[in-house]
Amino acid sequence: KALMKGDWKKCSELLNSLEVWSLIAGENAGAEITAMLTEKIKETGLQTYLLAFSSQYDSLSHEQLCQMFEMGENEVHAVVSKMMINRDLIASWDQPTGTIVMRKVP
């Protein structure tokens, strides 16, 4: 439910708090898996946030998304661009201002 609202931190905390990660064999294997899961949760959280709330915005700041999801600029750019290419997000980049301009679909 947390991820559906774009709350990736709560989702990550819930998954990472499971005791199963300490049962995985190998040195630091559990920590490596939880780190990888956290990155995937951030990416999925960003996608979910954009799909759920893009209709509420005229534009979104690239920098603000980076801060909200604690991701690098290139990572956010890649996720958003992929969504645009796949037509999951009807928007375009405004490079000079660093914003994502939403297009209204009738």
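A few points on the structure. (Residues numbered from 1 in each chain as written. Predicted model: local features only at pLDDT ≥ 70, side-chain atom pairs only at ≥ 80, totals over all residues. Heavy atoms only, no water.)

In this section: the pattern of salt bridges. One pass over the structure, following the stated rule, counts three salt bridges. Ionic pairing is found between Asp58 and Lys104, a salt bridge with its closest N-O pair at 3.8 Å. One end of the pair, Asp58, is in the loop between α2 (29-53) and β1 (59-61); the other, Lys104, is in the segment after β3 (99-102), and 46 residues separate them in sequence. With a relative accessible area of 59%, Asp58 lands in the exposed category. Accessibility expressed as a relative area gives 53% for Lys104, which makes it exposed. (Salt bridge = Lys/Arg side-chain N within 4 Å of Asp/Glu carboxyl O. Helix = DSSP H or I, 4+ residues; strand = E, 2+ residues; numbered from the N terminus. Buried < 20%, exposed > 50% of the residue type's maximum accessible area, 1.4 Å probe, protein only.)

Right, let's get into the nonpolar core. In this structure, Leu46, Leu50, Leu65, Val80 and Ile100 are the most contacted members of the largest nonpolar core, which totals 22 residues. At the level of elements, α1 (8-16), α2, α3 (62-69), α4 (73-85), β2 (91-94) and β3 are the ones that each hand at least two residues to this core. Among all residues touching Val80, those that are not within four sequence positions of it are Leu50, Leu89, Trp93 and Ile100. (Core = buried A, V, L, I, M, F, W, Y, C linked by side-chain atoms within 4.5 Å. Contact = heavy atoms within 4.5 Å.)

Taken as a whole and assessed by the stated rule, the structure comprises three aromatic pairs. Aromatic side chains Tyr49 and Phe53 sit 5.2 Å apart centroid to centroid with 50° between the ring planes, which places their arrangement in the tilted category. One end of the pair, Tyr49, and the other, Phe53, are both in helix α2, four residues apart, so they sit about a helical turn from each other. Residue Tyr49 is classed as buried on the basis of its relative accessible area, which comes to 11%. Its relative accessible area of 29% is what places Phe53 among the partly exposed residues. Judged by centre distance (6.4 Å) and plane angle (45°), the ring pair of Tyr49 and Tyr57 falls under tilted. (Phe/Tyr/Trp six-rings, centres within 6.5 Å; stacked < 30°, edge-to-face > 60°.)

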